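Structure at a glance
Each chain is listed here by its residues.
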Amino acid sequence: DVYKRQLFYYGSMFTLVPLCAWLGIAVGRCGWLMHEGGHISLTGHTKLDIKLQELIYGMGCAMSGGWWRSQHNKHHCTPQKLKHDVDLDTLPLIAFNKIIAGKGKKSAFMRFWLPLQGYLFGPLTCLIVALGWQLYLHPRFIIRTNRYFEGVCIATRYAIVAALSYAAGQTVAQAVGTYLLVHAFGSSYIFVNFALSHTHLDVLDADKHVHWAQYGSDYTVDITPHLFTDWWMGYLNYQIEHHLFPTMPQYKFVKLNARVRTFFEENDLKYDCRGYFECLHQTFANLHEVGQSVNH
């Protein structure tokens, strides 16, 4: 019986890899859903949405909703603004613009690592970041802020994973390997898609100011709407609309899209909408260009 279960999970890479990819996408989908709860746009009831976010993020991703809200709200206030948008503070593992990369020129590790970031971002860096969140940053935040509910959610998730691994007849090494492969897919899925909307765009100097709509027009990009893209990105391909109306349920951006575009055109604001694969290419091209700059 144990042999049969082992064969099912590890007898063929044709079974293991698609299964882990499917589970990884499920983990990523939990990320999209908790994002909605964190913006209080899941049910519209603040306390309920926060608890649902913490439950989904804890059980689905082994991460802290409280930590995420404390960071993500700063990003929404000033996207792409230096010293304000925490999503720009990504060293030592990654740099999305040359100003940030310049800070790594004195580090031997970053002079080695950053030039490779265009190749490493999807398959490796995203996983390292996810594990850093799961195993250090988020548990530390939970302990420091006494968020017992989140701690229980995460502990329950690990208990379920351990029980399933045991029931499948996995060794500890096999269980850890499966976990890493699942989260390699999951972290790459969600982090790469999040990167498409901002990271390859210009940044705003720390001492400069623009109005709310300009953060949407000049420092955010939409991904061309499509039935599959809308699902794949959890409606966050409508990133301009999301930054203008962060507490609006994300599926409603489909109807809002045309009105925002018209408003921008009437007020001489840029409405930047690009194809999915175009943005994907620009994101990785930017990673490569920025990474090379650290040694020049």
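Residues numbered from 1 in each chain as written. Predicted model: local features only at pLDDT ≥ 70, side-chain atom pairs only at ≥ 80, totals over all residues. Heavy atoms only, no water.

**Points about the packing of aromatic side chains**
Applying the stated criterion to the full structure yields 16 aromatic pairs. Note on Tyr215 and Tyr219: the rings are 6.2 Å apart at their centroids and 50° apart in plane angle, and the pair reads as tilted. For the pair Tyr215 and Tyr219, a shared accessibility class is recorded, and that class is buried. Within the aromatic cluster, the residues linked to one another by ring pairs are Trp32, Tyr189, Phe194, Phe228, Trp231 and Trp232. Residue placement shows Arg29 over the ring face of Trp231; its charged tip is 4.3 Å from the ring centre. (Phe/Tyr/Trp six-rings, centres within 6.5 Å; stacked < 30°, edge-to-face > 60°. Buried < 20%, exposed > 50% of the residue type's maximum accessible area, 1.4 Å probe, protein only. Lys NZ or Arg CZ within 6 Å of the ring centre and 35° of its normal.)

**Some points on unusual backbone geometry**
A cis amide bond, omega 15°, links Leu91 with the succeeding residue Pro92. Checked against the element boundaries, Pro92 lands in the loop between helix H4 (65–77) and helix H5 (98–102). One non-glycine residue, Ala62, lies in the positive phi region at around 60°. Looking at where Ala62 falls in the secondary structure, it is placed in the loop between helix H3 (46–61) and H4. You will see that Tyr235, though not glycine, has its phi angle at about 65°, which is positive. Here Tyr235 shows up in the loop between helix H11 (227–232) and helix H12 (239–244). For Tyr235, a relative accessible area of 30% puts it in the partly exposed group. (Helix = DSSP H or I, 4+ residues; strand = E, 2+ residues; numbered from the N terminus.)

**Concerning the packing of helix H7 (residues 117–145) against helix H9 (residues 172–195)**
Axis angle and axis distance: for two packed helices, these are the angle between their axes and the distance between the axes, and together they describe the pair. Closest axis-to-axis distance for the H7/H9 pair is 7 Å, and the angle between their directions is 105°. The orientation of H7 relative to H9 falls into the category roughly perpendicular. Between H7, through Phe121, Gly122, Cys126, Leu127, Val129, Ala130, Leu131, Trp133 and Gln134, and H9, the contact on the second element is made entirely by Tyr179, Leu180, His183, Ala184, Ser187, Ser188, Phe191, Val192 and Ala195. Considered class by class, the residues forming the contact of H7 with H9 number 13 nonpolar, five polar and no charged. (Axes fitted to C-alpha atoms, helices over the stretch in contact; angles between N-to-C directions. Parallel < 35°, antiparallel > 145°, perpendicular 65-115°, else oblique. Contact = heavy atoms within 4.5 Å. Nonpolar A, V, L, I, M, F, W, Y, C, P; charged D, E, K, R; others polar.)

**As for H7**
Along its 29 residues, H7 runs just 34 Å from first to last C-alpha, ending more than 12% under the 42 Å computed at 1.5 Å per residue. Residue Pro123 marks the point of greatest curvature in H7, where the axis turns by about 55°. Residue Asn146 follows H7 closely and has a positive phi angle near 55°. (Expected span 1.5 Å × (residues − 1). Bend = angle between axes of the 7 residues up to and from the residue.)

**Some thoughts on a nonpolar patch on the surface**
A cluster of nonpolar side chains, namely Leu55, Met59, Phe149, Ile160 and Leu164, defines an oily patch on the protein surface of about 420 Å² accessible area. When contributions to the nonpolar patch are tallied by element, the ones reaching two or more residues are H3 and helix H8 (148–167). Here the nonpolar patch takes three residues from H8, the largest share from any one element. Structurally, the position occupied by Met59 is in helix H3. (Patch = residues over 30% accessible without salt bridge, like charges linked within 9 Å, V, L, I, M, F, W, Y side chains within 5 Å. Areas by Shrake-Rupley, 256 points an atom, 1.4 Å probe, with all protein chains shown as cover. Salt bridge = Lys/Arg side-chain N within 4 Å of Asp/Glu carboxyl O.)

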